[in-house]
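# Descriptive structure summary
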Amino acid sequence: MRKIKEPENIPLPDYRGDLTYSCIGCGQSYPIEEFFYTCPSCGSLLKVVDRAFDTLKKTSGSRWGEIFDLRRLSKAPALSGIFLFHELVLPLVPPGDVIYLGEGQTPMVRANEGLSRWFGSSFYVKNDGQNPSASFKDRGMASAVSYLNHITRKRDLKGVLGICASTGDTSAAAALYLSYLPRDRVRSVVLLPKGKVTPAQLSQPLASGATVIELPGVFDDCMRVVEELAENYDVFLLNSKNPLRINGQKSYSYEVAQQLGWDTSDLAVVLPIGNAGNITAVMEGFLDLVRLGIIEKLPLVVGVQSHHADPVYRWRENGEYRSVPVSPSVAQAAMIGNPVSFPKVRELVREHYEDRFFVIRVTEQEIMEGMLTANRNGHIVCTQGGESIAGARKALGQGILDPSHTIVVDSTSHQLKFSEFQRMYFEGTFPEEYGVTPEKHLVNAPVAMEGGADAVAAFLKLKGREEGRRRKEEEIVGG
Ligand SMILES: *Cc1c(COP(=O)(O)O)cnc(C)c1O
Ligand SMILES: [Zn+2]
């Protein structure tokens, strides 16, 4: 294959950092080249820390902005997705080992006038459903699987088992990225709660050739099984507990800032909270940008939860964290009663976001209304995106946000993945426990007809064009 010519003067990443796993509980460090997910000594979550980070500060914030802008002109796969921000994602992975399947660089679409009026302000939807497996999870898989590609090659490992529990999208992303690696090096297994993922989400890991195991219960039950496996067997865990994934998901924040021309002074980002990995990554991402002087201050971060799965909301309300039992939610990918990454959220809020972090609770009814209203105005928003929109709208109503903010709402996956909920809404077949009552003005249904243009025209009450009618009459007269 011919080598594609690069434009000149694109600053390539040659920085490799000095990465280590660091325990958020006891502070111990562990070598980055080994597989760790939680601290072997105290059991707390790990984060990836770059001990050489301060050397990046030798380059000014405005120069970093220029570097990242120039890289958008690159034609190299390794700079086309989340690794455009190589130094901040996982610098230890050399560009040659980066797996790029088209993730990242998702569009920010401005809400039209009608939708903005309904919402209470102008705003943007960042469409993370336009990632390759149709959710933001691809960002974290691109970093974790690029790492796995690098390490298995470097250490000559064979037969590594990549494994995850999932509410649907993690397994779709994991299976997709793992299927790109050589079969003798990596196999993939996903654990799903039976009947709790949509048909589209089930089809995805099957298509990628993963071993799909369905277990009774909800996501939290699958997670317990996977955690036990990761503790006792030699497997590579691909849940967001794996801090390598968080590092890739930080790219969301870098992109939002870049898409706003690095001016985030009045920014508010709004996103759903499930396992809390994404909101952790988003907060860490903006922190990186502030530390490097690329942006001046942290944005407001608004998390949204359904009243059917609201542990983080309750913590923020009464200062006490407890896991909660969940009820069925249309925001199924966020239907989690005991978010794995909650301790990281607590730490980030305590240390950096105390006055800039809010959690809004919405009803299932509001989530569906948010999604369907956005869908009717040019957006491919999923139920979790609908949750974000409903939450942001409520935050505007409560005065937490106001129209002077630049509001960016995360639509975390693609509308099509969750079309089952749309169908139940349109057909009026929602099981009672969701508490969703269809509103007529949002319902749509196909109309079946016998056929023929005349019948269709009559149904649509079309008025014929004068000329067309005359010609038709002439034809009749002329026989
Ligand atoms: C995973 C997921 C979420 C929740 O993200 P967390 O990182 O678990 O908080 C929200 N929406 C979609 C579509 C998801 O796949
Ligand atoms: Zn520890």
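In this text the structure is predicted, and so the values were computed from the model without any measurement.

This brings us to unusual backbone geometry. Located in the positive-phi region is Trp262, a residue other than glycine, with phi close to 65°. The topology assignment puts Trp262 in the loop between helix H9 (251-259) and strand S10 (267-272). The class for Trp262 is buried, based on a relative accessible area of 14%. Backbone geometry places Lys461, a non-glycine residue, at a positive phi of 55°. Along the polypeptide, Lys461 turns up in the loop between helix H16 (453-459) and helix H17 (466-478). Overall, the relative accessible area of 71% leaves Lys461 in the exposed class.

With that out of the way, let us pick up the layout of surface pockets. By volume, the largest pocket amounts to about 490 Å³. As for the largest pocket, its lining consists of 26 residues, and the residues nearest its centre are Lys47, Val48, Val49, Asp288 and Arg291. Of all the secondary structure elements, the ones that give two or more residues to the lining of the largest pocket are strand S3 (46-50), helix H2 (86-89), helix H8 (243-249), helix H10 (277-291) and helix H12 (342-353). Grouping the constituent residues of the lining of the largest pocket by class yields 13 nonpolar, three polar and ten charged. What the second largest pocket holds in volume is close to 380 Å³. Forming the boundary of the second largest pocket are 21 residues, of which Phe35, Tyr37, Ala230, Tyr233 and Val235 lie nearest the centre.

Once that is clear, we can look at the site of ligand 1. Around ligand 1, the surrounding shell holds 14 residues, and the nearest of these are Lys137, Asp169, Asn275, Asn278 and Thr412. Asp169 places a polar side-chain atom, nitrogen or oxygen, 2.6 Å from an oxygen atom of ligand 1. Contact with the protein chains covers 97% of the free accessible surface of ligand 1, which is 380 Å². Of the residues in the shell around ligand 1, the class split is five nonpolar, seven polar and two charged.

All chains considered together, the criterion is met by 25 salt bridges. For Glu255, the salt bridge is made with Lys126, and the minimal N-O distance between the two is 2.8 Å. On the criterion of sequence distance, the pair formed by Glu255 in helix H9 and Lys126 in strand S5 (residues 124-127) is long-range, its members being 129 residues apart. An identical accessibility class is assigned to Glu255 and Lys126; each is buried. Glu354 is the salt-bridge partner of Arg316, the closest N and O atoms lying 3.2 Å from each other. Pair noted here: Arg316 is in helix H11 (residues 311-318) and Glu354 is in the loop between H12 and strand S12 (357-362), with a separation of 38 residues, a long-range link. Exposure remark for Arg316: the relative accessible area of 26% places this residue in the partly exposed category.

Scanning all chains against the criterion turns up three cavities of 30 Å³ or more. Roughly 280 Å³ of volume is contained in the largest cavity. Mapped by element, the contributors of at least two residues to the lining of the largest cavity are helix H5 (169-178), H8 and H10. At three residues, H10 tops the list of elements feeding residues into the lining of the largest cavity. Reported here for the second largest cavity is a volume of approximately 50 Å³. Along the walls of the second largest cavity sit Thr167, Pro193, Lys196, Val218, Phe219, Gln332 and Met335, which together make up its complete lining. Tallied by class, residues from the lining of the second largest cavity come to four nonpolar, two polar and one charged.

Helix-helix packing: each pair is described by the crossing angle between the helix axes and the interaxial distance. Relative to each other, helix H13 (residues 364-375) and helix H14 (residues 383-397) sit at 105°, their axes nearing to 7 Å. Considered as vectors, H13 and H14 are oriented roughly perpendicular to each other. Taking contact as the criterion, the partners of Glu366, Ile367, Met368, Glu369, Gly370, Met371 and Ala374 in H13 are, on H14, Thr383, Gly386, Glu387, Ile389, Ala390, Arg393 and Lys394. For the contact of H13 with H14, a count of residues per class yields six nonpolar, three polar and five charged.

Looking at the zinc ion (ligand 2), the protein donor atoms are Cys23 (SG), Cys26 (SG), Cys39 (SG) and Cys42 (SG), and they sit 2.3 Å from it. Along the chain, the residues that donate to the zinc ion (ligand 2) are spaced as C-x2-C-x12-C-x2-C. Of this pair, Cys26 sits in the loop between strand S1 (19-23) and strand S2 (29-31) while Cys39 sits in the loop between S2 and S3; the two residues are 13 residues apart in sequence, bridging distant segments of the chain. Residue Cys39 is classed as buried on the basis of its relative accessible area of 3%.

What counts, and where the lines are drawn
- Residues numbered from 1 in each chain as written.
- Chains lettered and ligands numbered in written order.
- Predicted model: local features only at pLDDT ≥ 70, side-chain atom pairs only at ≥ 80, totals over all residues.
- Heavy atoms only, no water.
- Helix = DSSP H or I, 4+ residues; strand = E, 2+ residues; numbered from the N terminus.
- Buried < 20%, exposed > 50% of the residue type's maximum accessible area, 1.4 Å probe, protein only.
- 1 Å grid on protein atoms, 1.4 Å probe; cavity = no way out; pocket = protein on both sides within 12 Å on 5 of 7 lines; lining within 4 Å.
- Points joined across faces, edges and corners; volume = space filled by probe spheres on them.
- Nonpolar A, V, L, I, M, F, W, Y, C, P; charged D, E, K, R; others polar.
- Near = heavy atom within 4 Å.
- Polar contact = N/O pair within 3.5 Å; in protein donor to acceptor, adjacent residues only side chain to side chain.
- Areas by Shrake-Rupley, 256 points an atom, 1.4 Å probe, with all protein chains shown as cover.
- Salt bridge = Lys/Arg side-chain N within 4 Å of Asp/Glu carboxyl O.
- Axes fitted to C-alpha atoms, helices over the stretch in contact; angles between N-to-C directions.
- Parallel < 35°, antiparallel > 145°, perpendicular 65-115°, else oblique.
- Contact = heavy atoms within 4.5 Å.
- Donors = N, O, S within 2.8 Å, 3.2 Å for Na, K, Ca; no water.

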